[in-house]
Amino acid sequence: VSELHLDPVLHGGPKKWSFGAHAEFQRRRVELDNLSSQSSDWDAETMMMFVGYDVLPQITVLAGIGSSALEIGPANYGSDASWLLAARMRLLDYLVFDPLQRADLYYCRIDTVIHYQASNADRGLRELNLSEVRGALTASFVTRPHRLNYFDSAGIYFGPAFSRLRASDTNPRERWEGKDDFGIVAGVFMNPGRHTMLKMELARFERNSFNFAAGFHF
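Caption draft 1: Here's a closer look at the side chain of D152. Relative to the helices and strands, D152 resides in the loop between β6 (126-144) and β7 (153-170). In this structure the side chain of D152 is engaged in a polar contact, spanning 3.3 Å, whose partner is the side chain of S153. Those residues in contact with D152, other than ones at most four positions away along the chain, are T143, R144, P145, N191, P192, G193 and R194.

This is the structure in C-alpha coordinates:
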(Lines give C-alpha, C1' and ligand atoms only; values in the text may rest on other atoms or scores of the structure.)
Protein backbone atom coordinates (compact mmCIF):
# COMPACT_ATOMS: atom_id res chain seq x y z
CA VAL A 1 0.00 0.00 0.00
CA SER A 2 1.33 3.42 -0.89
CA GLU A 3 1.82 5.55 2.19
CA LEU A 4 2.14 9.24 1.35
CA HIS A 5 3.77 10.28 4.66
CA LEU A 6 2.81 13.90 4.02
CA ASP A 7 2.07 16.59 6.57
CA PRO A 8 -1.05 18.75 6.34
CA VAL A 9 -0.59 21.78 4.11
CA LEU A 10 -1.66 24.86 6.07
CA HIS A 11 -1.95 27.28 3.16
CA GLY A 12 -3.41 27.07 -0.32
CA GLY A 13 -6.66 25.28 0.51
CA PRO A 14 -7.40 21.74 1.65
CA LYS A 15 -4.99 19.10 0.37
CA LYS A 16 -7.00 15.91 0.80
CA TRP A 17 -6.73 13.98 -2.47
CA SER A 18 -3.92 11.80 -3.74
CA PHE A 19 -3.40 9.64 -6.80
CA GLY A 20 -0.61 7.59 -8.29
CA ALA A 21 0.66 4.29 -9.66
CA HIS A 22 1.67 1.12 -7.85
CA ALA A 23 3.62 -1.91 -9.10
CA GLU A 24 4.10 -5.09 -7.07
CA PHE A 25 6.13 -8.23 -7.72
CA GLN A 26 4.75 -10.72 -5.21
CA ARG A 27 6.67 -13.91 -4.51
CA ARG A 28 5.10 -16.38 -2.06
CA ARG A 29 4.80 -20.07 -1.28
CA VAL A 30 1.29 -21.50 -1.26
CA GLU A 31 -0.09 -24.83 -0.06
CA LEU A 32 -2.82 -26.93 -1.60
CA ASP A 33 -5.65 -27.39 0.93
CA ASN A 34 -3.22 -26.76 3.81
CA LEU A 35 -1.05 -29.75 2.81
CA SER A 36 2.55 -28.71 3.32
CA SER A 37 3.70 -31.52 1.02
CA GLN A 38 1.74 -29.90 -1.83
CA SER A 39 3.34 -26.45 -1.93
CA SER A 40 4.16 -24.37 -4.99
CA ASP A 41 5.70 -21.03 -5.90
CA TRP A 42 3.28 -18.13 -6.27
CA ASP A 43 4.44 -15.39 -8.66
CA ALA A 44 2.11 -12.44 -9.20
CA GLU A 45 2.83 -9.15 -10.95
CA THR A 46 0.36 -6.32 -10.39
CA MET A 47 0.14 -2.88 -11.97
CA MET A 48 -2.42 -0.53 -10.48
CA MET A 49 -3.61 3.08 -10.43
CA PHE A 50 -4.89 4.35 -7.08
CA VAL A 51 -6.74 7.33 -5.65
CA GLY A 52 -6.80 8.31 -1.99
CA TYR A 53 -8.73 10.68 0.26
CA ASP A 54 -7.72 12.04 3.68
CA VAL A 55 -10.80 11.53 5.85
CA LEU A 56 -8.80 13.14 8.67
CA PRO A 57 -5.21 14.40 8.60
CA GLN A 58 -4.13 11.09 10.16
CA ILE A 59 -6.51 8.74 8.28
CA THR A 60 -6.37 8.04 4.54
CA VAL A 61 -8.56 5.66 2.53
CA LEU A 62 -7.48 4.41 -0.90
CA ALA A 63 -8.97 2.53 -3.84
CA GLY A 64 -7.15 1.11 -6.83
CA ILE A 65 -7.78 -0.76 -10.05
CA GLY A 66 -5.43 -2.42 -12.49
CA SER A 67 -4.35 -5.83 -13.73
CA SER A 68 -2.58 -8.80 -12.20
CA ALA A 69 -0.71 -11.69 -13.91
CA LEU A 70 -0.34 -14.90 -11.90
CA GLU A 71 1.66 -18.11 -12.03
CA ILE A 72 1.30 -21.00 -9.55
CA GLY A 73 4.11 -23.46 -10.11
CA PRO A 74 4.14 -24.33 -13.83
CA ALA A 75 0.55 -23.09 -14.37
CA ASN A 76 0.28 -19.67 -16.01
CA TYR A 77 -3.13 -18.01 -15.44
CA GLY A 78 -2.43 -14.94 -17.56
CA SER A 79 -3.59 -11.49 -16.50
CA ASP A 80 -6.95 -10.10 -15.51
CA ALA A 81 -8.51 -7.15 -13.71
CA SER A 82 -7.58 -6.53 -10.09
CA TRP A 83 -8.92 -4.08 -7.52
CA LEU A 84 -7.85 -2.81 -4.12
CA LEU A 85 -9.35 -1.14 -1.04
CA ALA A 86 -7.05 0.16 1.68
CA ALA A 87 -6.78 2.42 4.71
CA ARG A 88 -3.86 3.98 6.56
CA MET A 89 -3.91 5.49 10.06
CA ARG A 90 -1.05 7.41 11.66
CA LEU A 91 -0.88 6.49 15.33
CA LEU A 92 2.12 8.64 16.29
CA ASP A 93 3.94 11.60 14.75
CA TYR A 94 6.63 12.71 17.19
CA LEU A 95 9.25 15.43 16.69
CA VAL A 96 12.43 13.73 17.93
CA PHE A 97 14.75 16.71 18.40
CA ASP A 98 14.11 20.27 19.49
CA PRO A 99 13.84 22.37 16.28
CA LEU A 100 15.35 25.34 18.12
CA GLN A 101 18.58 23.40 18.56
CA ARG A 102 18.86 21.90 15.06
CA ALA A 103 18.41 23.22 11.53
CA ASP A 104 16.90 19.97 10.27
CA LEU A 105 13.75 18.28 11.55
CA TYR A 106 13.50 14.58 12.49
CA TYR A 107 10.31 12.67 13.20
CA CYS A 108 9.42 9.27 14.59
CA ARG A 109 6.15 7.95 13.18
CA ILE A 110 4.03 4.86 13.71
CA ASP A 111 1.48 3.86 11.07
CA THR A 112 -0.93 1.01 10.62
CA VAL A 113 -2.06 -0.07 7.15
CA ILE A 114 -4.63 -2.62 6.00
CA HIS A 115 -5.75 -3.50 2.49
CA TYR A 116 -7.93 -5.98 0.65
CA GLN A 117 -7.09 -6.99 -2.91
CA ALA A 118 -9.03 -9.33 -5.20
CA SER A 119 -8.69 -10.58 -8.76
CA ASN A 120 -9.84 -13.28 -11.18
CA ALA A 121 -7.60 -15.21 -13.56
CA ASP A 122 -8.40 -17.64 -16.40
CA ARG A 123 -6.46 -20.55 -17.88
CA GLY A 124 -8.45 -22.39 -20.53
CA LEU A 125 -11.53 -23.82 -18.81
CA ARG A 126 -10.08 -23.00 -15.41
CA GLU A 127 -10.94 -19.89 -13.43
CA LEU A 128 -9.03 -18.80 -10.37
CA ASN A 129 -10.52 -16.43 -7.79
CA LEU A 130 -7.90 -14.92 -5.52
CA SER A 131 -7.95 -12.50 -2.61
CA GLU A 132 -5.58 -11.17 0.01
CA VAL A 133 -6.06 -9.29 3.28
CA ARG A 134 -2.81 -7.64 4.31
CA GLY A 135 -1.93 -5.45 7.26
CA ALA A 136 1.21 -3.94 8.74
CA LEU A 137 2.32 -1.90 11.75
CA THR A 138 5.35 0.17 10.82
CA ALA A 139 7.73 2.50 12.60
CA SER A 140 9.28 5.28 10.49
CA PHE A 141 12.20 7.62 10.95
CA VAL A 142 11.78 10.72 8.80
CA THR A 143 14.05 13.67 8.13
CA ARG A 144 13.10 17.03 6.64
CA PRO A 145 16.42 18.67 5.71
CA HIS A 146 15.98 22.45 5.73
CA ARG A 147 19.39 22.93 4.15
CA LEU A 148 18.18 21.19 0.96
CA ASN A 149 15.55 23.61 -0.28
CA TYR A 150 14.77 21.48 -3.32
CA PHE A 151 14.08 18.32 -1.24
CA ASP A 152 11.21 18.03 1.25
CA SER A 153 11.66 14.81 3.22
CA ALA A 154 12.90 11.22 3.22
CA GLY A 155 12.70 8.26 5.55
CA ILE A 156 12.83 4.56 6.24
CA TYR A 157 10.23 2.29 7.83
CA PHE A 158 9.91 -1.31 9.00
CA GLY A 159 7.61 -3.51 11.03
CA PRO A 160 5.61 -6.74 11.32
CA ALA A 161 3.07 -7.68 8.66
CA PHE A 162 0.12 -10.04 8.30
CA SER A 163 -1.15 -11.53 5.04
CA ARG A 164 -4.04 -13.92 4.50
CA LEU A 165 -3.68 -15.09 0.90
CA ARG A 166 -6.37 -17.35 -0.62
CA ALA A 167 -7.05 -18.66 -4.13
CA SER A 168 -9.69 -21.12 -5.33
CA ASP A 169 -9.63 -22.96 -8.68
CA THR A 170 -12.89 -24.08 -10.31
CA ASN A 171 -11.66 -26.90 -12.57
CA PRO A 172 -10.55 -29.00 -10.80
CA ARG A 173 -11.76 -27.62 -7.50
CA GLU A 174 -8.64 -26.71 -5.56
CA ARG A 175 -7.92 -24.24 -2.82
CA TRP A 176 -4.53 -22.61 -2.32
CA GLU A 177 -3.44 -20.77 0.83
CA GLY A 178 -0.37 -18.75 1.71
CA LYS A 179 2.09 -20.86 3.68
CA ASP A 180 2.96 -18.18 6.25
CA ASP A 181 0.52 -15.54 7.45
CA PHE A 182 3.10 -13.47 9.34
CA GLY A 183 6.14 -11.67 7.97
CA ILE A 184 7.94 -8.32 7.93
CA VAL A 185 8.01 -5.23 5.71
CA ALA A 186 10.69 -2.59 5.27
CA GLY A 187 11.01 0.29 2.86
CA VAL A 188 12.37 3.68 1.96
CA PHE A 189 10.46 6.71 0.72
CA MET A 190 11.18 10.28 -0.26
CA ASN A 191 9.16 13.35 -1.08
CA PRO A 192 11.01 15.53 -3.60
CA GLY A 193 8.32 18.19 -2.94
CA ARG A 194 5.42 18.55 -0.53
CA HIS A 195 3.03 17.09 -3.11
CA THR A 196 5.08 14.20 -4.55
CA MET A 197 6.06 10.79 -3.18
CA LEU A 198 8.32 7.91 -4.26
CA LYS A 199 8.44 4.62 -2.36
CA MET A 200 10.16 1.23 -2.57
CA GLU A 201 9.21 -1.63 -0.22
CA LEU A 202 10.37 -5.16 0.56
CA ALA A 203 7.95 -7.68 2.10
CA ARG A 204 9.24 -11.00 3.41
CA PHE A 205 6.92 -13.94 4.03
CA GLU A 206 8.09 -17.25 2.53
CA ARG A 207 9.94 -15.38 -0.23
CA ASN A 208 10.87 -11.77 -0.95
CA SER A 209 8.32 -9.51 -2.62
CA PHE A 210 8.88 -5.96 -3.88
CA ASN A 211 6.61 -3.04 -4.65
CA PHE A 212 7.16 0.44 -5.99
CA ALA A 213 4.87 3.48 -5.92
CA ALA A 214 4.77 7.08 -7.06
CA GLY A 215 2.05 9.53 -6.12
CA PHE A 216 0.81 13.11 -5.87
CA HIS A 217 -1.08 14.89 -3.10
CA PHE A 218 -3.31 17.85 -3.89
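Caption draft 2: Representation of the confidence of the model for the chain in the model. Residues with a pLDDT of 70 or more make up 84% of the chain, whose mean pLDDT is 85. Looking at the elements of the chain, mean pLDDT is at its lowest for strand β8 (residues 173-178), recorded as 86, and at its highest for strand β9 (residues 182-191), recorded as 95. In the predicted structure, residues 1-13 sits below a pLDDT of 50 and forms 42 contacts with residues beyond four places in sequence or in another chain.

Caption draft 3: The arrangement of the pairing of strand β1 (residues 17-32) in detail. Here eight bridges tie β1 to strand β11 (residues 208-217), and the two strands are oriented antiparallel to one another. Residue S18 lies in a different strand from β11, and its bridge partner there is H217. Relative to β8, β1 runs antiparallel, the two sharing three bridges. Its bridge partner being in β8, L32 is matched across the sheet by W176.

Caption draft 4: Quick look at the packing of aromatic side chains. If you walk through the whole model with that rule in mind, you get eight aromatic pairs. Clustering of aromatic rings is evident, with ring pairs tying together F19, F216 and F218. Note that R28 overlies the ring of F205, its terminal NZ or CZ placed 4.5 Å from the centroid.

Caption draft 5: Representation of the pattern of salt bridges in the model. In the structure shown here, the tally under the stated rule is 18 salt bridges. For D41, the salt bridge identified is with R29, shortest N-O distance 2.5 Å. Note that D41 is positioned in strand β2 (residues 35-56) and R29 in strand β1, a separation of twelve residues in sequence. A salt bridge links E201 to K199; its shortest N-O distance comes to 3.8 Å. Residue classification places K199 among the buried positions, given a relative accessible area of 4%. Connected via shared salt-bridge partners are R27, R29, D41, D43, E45 and R207.

Caption draft 6: Quick peek at the nonpolar core. By size, the foremost hydrophobic cluster in this structure holds 14 residues, and its most contacted members are W42, L70, I72, Y77 and L128. Counting residues per element, the ones that place at least two in this core are β1, β2, β3 (59-72), β4 (75-95), β6 and β7.

Caption draft 7: Highlighting the environment of N208. Along the chain, N208 falls in strand β11. Residues N208 and R28, spaced 180 residues apart in sequence, show a C-alpha to C-alpha distance of 7.5 Å. For N208, the residues in contact, after removing those within four places along its chain, are R27, L202 and A203. Here R204 takes part through its side chain, which lies 3.3 Å from a polar atom of the side chain of N208.

Thresholds, definitions, all that
- Residues numbered from 1 in each chain as written.
- Predicted model: local features only at pLDDT ≥ 70, side-chain atom pairs only at ≥ 80, totals over all residues.
- Heavy atoms only, no water.
- Helix = DSSP H or I, 4+ residues; strand = E, 2+ residues; numbered from the N terminus.
- Polar contact = N/O pair within 3.5 Å; in protein donor to acceptor, adjacent residues only side chain to side chain.
- Contact = heavy atoms within 4.5 Å.
- pLDDT = per-residue confidence, 0-100.
- Pairing = 2+ DSSP bridges.
- Phe/Tyr/Trp six-rings, centres within 6.5 Å; stacked < 30°, edge-to-face > 60°.
- Lys NZ or Arg CZ within 6 Å of the ring centre and 35° of its normal.
- Salt bridge = Lys/Arg side-chain N within 4 Å of Asp/Glu carboxyl O.
- Buried < 20%, exposed > 50% of the residue type's maximum accessible area, 1.4 Å probe, protein only.
- Core = buried A, V, L, I, M, F, W, Y, C linked by side-chain atoms within 4.5 Å.

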